[in-house]
Amino acid sequence: MATVHVDNQRYEMDDKQNLLQACLQLKMDLPYFCWHPAMGSVGACRQCAVKQFKDESDQHGKIVMACMTPVTEGARISIQDAEAVEFRAAVIEGLMINHPHDCPVCDEGGECHLQDMTVMTGHNYRRYAFEKRTFRNQNLGPFLNHEMNRCIQCYRCVRFYREYAGGNDLNAFALRNIVFFGRDKDGVLENEFAGNLVEVCPTGVFTDKTLKQHYTRKWDLQMAPSVCVHCAVGCNITAAERYGMLRRLVNRYNGEVNGYFLCDRGRFGYEFVNSQRRIRKPLRHGQPVGLEDARAGLRKLAAGGAIGIGSPRASLESNFALRSLVGADYFFAGIPGREAALLKLMLEILGNGPAPAASLREIEHSDAVLVLGEDVTNVAPRMALSLRQAVRQQPMEIAERLRIPLWMDHAVREAVQDEKGPLFIAAASATRLDDVAAATFRGAPDDIARLGFAVAQALDPAAPGPEDLPGQTRELAARIAAALKGAKRPLIVSGPSLGSAAIIQAAANVAWALAGAHLAFTAAEANSMGLAMMEAPALDAAQAATAETAIIVENDLYRRLPAAEVDQLLARFGHVVVLDHLENATTAKAELLIPAATFAEGEGTLMSSEGRLQRFFAALSPTEPVEPSWRLLGGWNTLDEIIRALAEAMPQLAAVREAAPAASFRMEAAKIPRQPHRYSGRTSMLANISVHEPKPPQDADSPLSFSMEGNPKQPPGALQPFFWTPGWNSYQAVNKFQEEIAGRLEAGDPGVPMFASGGGGHAFFNAIPAAFEARAGEWLLAPLFHIYGSEELSREAPAVAELGPQPYVALNPEDAAQFGDEVELMGQRFRVSRIAELPRGVAGIPAGVPPFAGLELPAWSKIQPIQ
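Residues numbered from 1 in each chain as written. Predicted model: local features only at pLDDT ≥ 70, side-chain atom pairs only at ≥ 80, totals over all residues. Heavy atoms only, no water.

**Description of the overall build of the chain**
Helix and strand counts for the chain stand at 24 helices and 36 strands. Computed over its C-alpha atoms, the radius of gyration of the chain comes to 28 Å, within 12% of the 29 Å expected for a compact globule of 867 residues. Along the first, second and third principal axes, the C-alpha set of the chain runs to 85 × 75 × 55 Å. Looking at the chain as a whole, 62% of its 867 residues are labelled buried. Residue pairs at least 24 apart in sequence account for 74% of intrachain contacts in the chain once pairs closer than 6 positions are excluded. When the accessible area of the chain is evaluated, it comes to approximately 32,800 Å², of which 50% is carbon and sulfur surface. (Helix = DSSP H or I, 4+ residues; strand = E, 2+ residues; numbered from the N terminus. Rg over C-alpha atoms; globule rule 2.2 N^0.38 Å. Buried < 20%, exposed > 50% of the residue type's maximum accessible area, 1.4 Å probe, protein only. Contact = heavy atoms within 4.5 Å. Areas by Shrake-Rupley, 256 points an atom, 1.4 Å probe, with all protein chains shown as cover.)

See below:
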């Protein structure tokens, strides 16, 4: 720590920071544009100017950029010095010369960082009265709107896109004194994290195109803290509503999970909530019925003997309510046996082994990584962004040896050049992280597992390993082992995507053979791990169950099993009851269909792949007959009641009570407002019904209010609906809510990690599979995941659906040589995609994309030429 005087006031500052970061951490107001807490300093905008003095007697001082000046012992600076104030105002005036006068119609208006900084500097009058520089805007795809005339050349966009997220199709194009930020031609931005430009850009150059379809001013949005439902990573989001429609999602900072960024599937997949295929009213035999009639019918059928089929996309509470309704012996997990066994294996490894589960923050700070069997970008996208930062950890030691502060981003990158830390990827095909990998391995699932076992044995001779490994593979295993052994914070990433227990066991062996290693598992859906913690039999076991009725909650069984098997299963029951959000093949089979609330309309708890329990809350006011599944299933009046019952009945999930404060929580006897204090139109919104303002809906399930009334102070992290503080209307306000910049929230990061410390001892797994052998006339069908298209709910968002793949069969070019451009598989014709990275004898098909949804993969199959 260092003692620094700011405007003659003494402060203690971290001497590893720059002055801008240190001042912001102390909650001072100092304007900036180009600096970003996740990307460091480059000194491009000159907006954070302060006056620095040599000592107490220096009356003149000099102007310095706070973001480029390190904190030093005894430093004396002034933010309020007249010359510094004038300098900052002049910078703003220069930026505003070409900025359009379009704040009233700009999508960014009301949460614009440029607006905030302009007000903060006192600039309020334009002297420039001549022509402005203008640009032609580009079509950048379904996610982002482009308005280059608003650009202030801070370079944040290209720094994030190219240097942080690894994209290469967005760039800065310069001509004389003009700089253009965009693509070389119109087209969809290719990077999976391009949507973060909405929040990275301090102006309105990049805005949310999906919001533009149903635009609402930011101060008129009703918001709630929530959790992304499109994979198992558990990113924190803010869901925002107006007029009963979900309008957008934005990132909600969680220092241990997603930090400042989301993937594009998580950001733009929300529109399934507004889908025309939403189930809006209860139906019996296809005819509308009242909600109470539907509930009574559900209870009557359950009383006559029923099984319950849960879901990995339903909350813990909804699964538990179903289990309680039908009885523990008649509750089934709703996932195939192989998937259930793999999830159980992962839980046993995390719960009983010595390697703790890694949070995304810990992944980001890992300095050597082995990925076994996962295409992380397409399965757990936000984890892939953290892995991109992990490859910088070892090379940054170069900068430290040169005494370059790590926050000085451009200088660090100059010192590091193209050096990358050890990231090794073993997968069935090419992945989006291959460009930063030290080495890659392509193989069938069994061969990937064998490589993992060999790495574990190279680390610890006591670990079993394959005896007949090819020399080149054994050399790679030794290289990987050496890199992991020499690391300070090694990490192993694996998961169930290739349907192989051997891969997961090999990953565990590698982690256990290393001292201090962390494990990071992926999982398919938002509550896959939570469902597995409930220890219910798999869906396969339901085929032997005897009952008159099947009750299915938030689960399309046709995505779990082949259609013929689902038809056979459902035909065994006299009655089928389904609770779900969207029409699908399973709801079409329902005698009684009841609409269930989505994450935006109800409350519940999810467990991430890390094992972190997190609560989500409703952004939309509750409207019958759409209610959370746990309430529809009966037995509990409030969320707190069912949480208490869940914790008592299932001790392994007792920590669910700690995921967020109870509904009785108050701050100075007041609830926490979902609406900002600037919220408008409360009377006019319903003027077509009554000119009198109605009483706000009551929420008995959370400490949040459906109004602007409440305590405006910072609530516990799990209850923080949005970040705002006077003078900071943009997302940059989050700086005011952190213990330290880019660190934990002052009120605590949301969630309860279940496996943060690891378990006890271990015994190495020893079931090593034989080497893969191709078969004549048959191929091993392996799933190839797609960030857009493989996940069930986001497929229903129009912007995401636009980028999803059509069905195909991928083959190695040598295998494909015997076929034309199309092949026959499962009695249907599919185009052939030639992928050189696929092993011979393996065929890739897009996971979750009809008609392949429901297949249990990997599996052997014949592929026929088109006659």
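There is more to say, and it comes next.
**Overview of the nonpolar core**
With 101 residues, the main nonpolar core has Leu370, Val455, Leu484, Ile492, Val510 and Ile551 as its most contacted residues. Of the residues forming this core, the biggest block, 10 residues, is contributed by helix H18 (residues 501-513). Shared between two domains, this core holds at least three residues of each, these being domain 2 (283-338 + 530-752) and domain 3 (356-516). With residues up to four places along the chain from it excluded, the contact list for Ile492 reads Leu370, Leu484, Ala507, Val510, Ala511, Leu514, His518, Leu519 and Ala520. (Core = buried A, V, L, I, M, F, W, Y, C linked by side-chain atoms within 4.5 Å. Domains from an automatic or database assignment.)

**Considering the packing of aromatic side chains**
One pass over the structure, following the stated rule, counts 20 aromatic pairs. On the numbers, 5.8 Å between centres and 20° between planes, the contact of Phe160 with Tyr164 is stacked. Residue Phe160 and its partner Tyr164 are located together in helix H4 (residues 156-164), separated by 4 residues, close to a single helical turn. Both residues of the pair, Phe160 and Tyr164, count as buried. Members of the aromatic cluster, joined through ring pairs, are Phe160, Tyr164, Tyr253, Tyr260 and Phe261. Positioned above the aromatic ring of Phe706 is the side chain of Arg674, whose terminal nitrogen or guanidinium carbon lies 3.8 Å from the ring centre. (Phe/Tyr/Trp six-rings, centres within 6.5 Å; stacked < 30°, edge-to-face > 60°. Lys NZ or Arg CZ within 6 Å of the ring centre and 35° of its normal.)

**Regarding the pattern of salt bridges**
Pairing of side chains with opposite charge becomes possible as their charged atoms draw close. Under the criterion given, the structure shown has 45 salt bridges. Between Glu111 and Arg248 there is a salt bridge, and its shortest N-O distance comes to 2.8 Å. Linking Glu111 in the loop between helix H2 (82-96) and helix H3 (113-121) with Arg248 in strand E12 (residues 245-251), this pair joins segments that are 137 residues apart in sequence. Judged on exposure class, the residue Glu111 and its partner Arg248 are both buried. A salt bridge links Glu792 to Arg559; the shortest N-O distance between them is 3.8 Å. Of this pair, Glu792 sits in the loop between strand E30 (778-784) and helix H23 (798-801) while Arg559 sits in the loop between strand E22 (549-553) and helix H20 (563-571), placing them 233 residues apart in sequence. (Salt bridge = Lys/Arg side-chain N within 4 Å of Asp/Glu carboxyl O.)

**Describing the side chain of Ser497**
Structurally, Ser497 is set in the loop between strand E20 (490-494) and H18. A relative accessible area of 11% places Ser497 in the buried class. Here the side chain of Ser497 touches Glu374 through a polar contact of 2.6 Å, side chain to side chain. (Polar contact = N/O pair within 3.5 Å; in protein donor to acceptor, adjacent residues only side chain to side chain.)

**Structural notes on the packing of helix H9 (residues 316-326) against helix H22 (residues 639-649)**
With their axes 10 Å apart at the nearest point, H9 and H22 run at an angle of 70° to one another. Between H9 and H22, the crossing angle belongs to the class labelled roughly perpendicular. Residues Leu316, Glu317, Phe320 and Ala321 of H9 form the contact with H22, whose own contacting residues are Leu639, Ile642, Ile643, Ala645, Leu646 and Ala649. For the contact of H9 with H22, the residue count by class is 9 nonpolar, no polar and 1 charged. (Axes fitted to C-alpha atoms, helices over the stretch in contact; angles between N-to-C directions. Parallel < 35°, antiparallel > 145°, perpendicular 65-115°, else oblique. Nonpolar A, V, L, I, M, F, W, Y, C, P; charged D, E, K, R; others polar.)

**What about the pairing of strand E8 (residues 178-182)?**
Regular strands place side chains that alternate from one sheet face to the opposite one. Counting buried residues in E8 gives 4 out of 5 residues, a clear majority hidden from the surface. Where strand E7 (residues 171-175) and E8 come together, 5 bridges link them in antiparallel fashion. Bridge pairing in E8 links Ala172 to Phe181. Linkage of E7 to E8, two consecutive antiparallel strands, is achieved through a turn of 2 residues, within which Arg176 is found at a positive phi near 55°. (Pairing = 2+ DSSP bridges.)

**Some details on the sheet that holds strand E11 (residues 236-242)**
With respect to topology, 3 strands assemble into an open sheet ordered E10-E11-E12, the strand pairing being antiparallel. Edge positions in the sheet fall to strand E10 (222-227) and E12, since each has one partner strand and no second. Strand-to-strand twist in this sheet, taken as the mean axis angle between neighbours without regard to direction, amounts to 30°. With 6 bridges joining them, E10 and E11 adopt antiparallel strand pairing.

**Overview of the domain arrangement of the chain**
Taken domain by domain, the chain holds domain 1 (2-96), domain 2 (283-338 + 530-752), domain 3 (356-516) and domain 4 (778-865). Centre-to-centre, using C-alpha coordinates, domain 3 lies 27 Å away from domain 4. Counting residues at the interface gives 15 residues for domain 3, matched by 13 residues for domain 4. Between domain 3 and domain 4, a total of about 1,000 Å² is buried, with carbon and sulfur atoms accounting for 71% of that surface. With 3 residues, the top contributor of residues to the side of domain 3 that touches domain 4 is helix H12 (residues 376-379). Taken together, the residues that form the side of domain 3 that touches domain 4 break down as 7 nonpolar, 6 polar and 2 charged. (Buried area = accessible area lost by both parts, 1.4 Å probe.)

**Digging into the environment of Val205**
Along the chain, Val205 turns up in the loop between helix H5 (197-200) and strand E9 (206-208). Separated by 99 residues in sequence, Val205 and Cys106 have C-alpha atoms that sit 9.6 Å apart. Here Val205 is in contact with Asn145, His146, Glu147, Met148, Arg150 and Cys151, once residues within four sequence places are set aside.

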